[in-house]
Amino acid sequence: MPMADLIVPLSRVAHARTGDKGDRTNISVIAWNHALYPLLVEQLTTAAVQALFAHRRPSATRRYLLPKLGALNFVMDSTLDGGVNGALNLDAHGKALSYWMLTAEIAVPPHLAQYLAGPAAPPCDAAAARP
């Protein structure tokens with residue numbers, strides 16, 4: 001019987017960086033190991049990212065593949081409430097949006113688990129561990 005895929009946060013598969021220009025967010029997602037890149041291409045689709053950022057109401061989302069870098073680049077329009085000069089939100093630059101991207105769940109086949117970053121087990125719930 002084959003082992004089931006591991007469901008992990010994107011942060012175990014890749015790291016990310018955010019940039020902005022006006023009301024446009026640019027998020028690059030870079031695989032920790034090139035062996036994980038095909039999982040990003042397969043699962044981190046434009047539709048998946050659009051759904052993840054639905055609360056920001058992007059008017060358009062585009063995905064660019066960068067296979068030699070093991071990376072994807074997403075450009076989302078109308079996500080920064082008008083941009084740095086016009087937004088009243090606390091993160092008008094959208095720098096924290098890469099951290100939100102890293103919460104996406106990714107299915108990883110067991111044979112690729114060796115390439116994941118971070119702990120092998122879920123983190124301990126510190127509140128539950130207190131006496």
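How each quantity is defined
- Residues numbered from 1 in each chain as written.
- Predicted model: local features only at pLDDT ≥ 70, side-chain atom pairs only at ≥ 80, totals over all residues.
- Heavy atoms only, no water.
- Salt bridge = Lys/Arg side-chain N within 4 Å of Asp/Glu carboxyl O.
- Helix = DSSP H or I, 4+ residues; strand = E, 2+ residues; numbered from the N terminus.
- Pairing = 2+ DSSP bridges.
- Axes fitted to C-alpha atoms, helices over the stretch in contact; angles between N-to-C directions.

An unreviewed UniProt entry lists the protein chain under the name AtuA-like ferredoxin-fold domain-containing protein, with Bordetella genomosp. 7 given as the organism.

Engineer: How should I be thinking about the pattern of salt bridges in this particular structure?
Structural biologist: Oppositely charged side chains can form a pair if their charged atoms are brought close together. On inspection of all chains with the given rule, the structure shows 2 salt bridges. Across the pair Arg-24 and Asp-77 runs a salt bridge, and its minimum N-O distance is 2.5 Å. Remark: Asp-77 occurs in strand S5 (residues 71-77) and Arg-24 occurs in strand S3 (residues 24-31); sequence separation between them is 53 residues. Within this structure, Arg-24, Arg-62 and Asp-77 form a network of salt bridges that share partners.

Engineer: For this particular structure, what's the right way to read the sheet that holds S3?
Structural biologist: Taken in spatial order, the 4 strands make up an open sheet running S2-S3-S5-S4, and their pairing is antiparallel. Edge positions in the sheet fall to strand S2 (14-21) and strand S4 (60-66), since each of these pairs with one other strand and no more. Adjacent strand axes in the sheet meet at a mean angle of 15°, parallel and antiparallel pairs treated alike. Here S2 pairs with S3 via 8 bridges, running antiparallel. Across the sheet, Ala-14 pairs through a bridge with Ala-31, a residue of S3.

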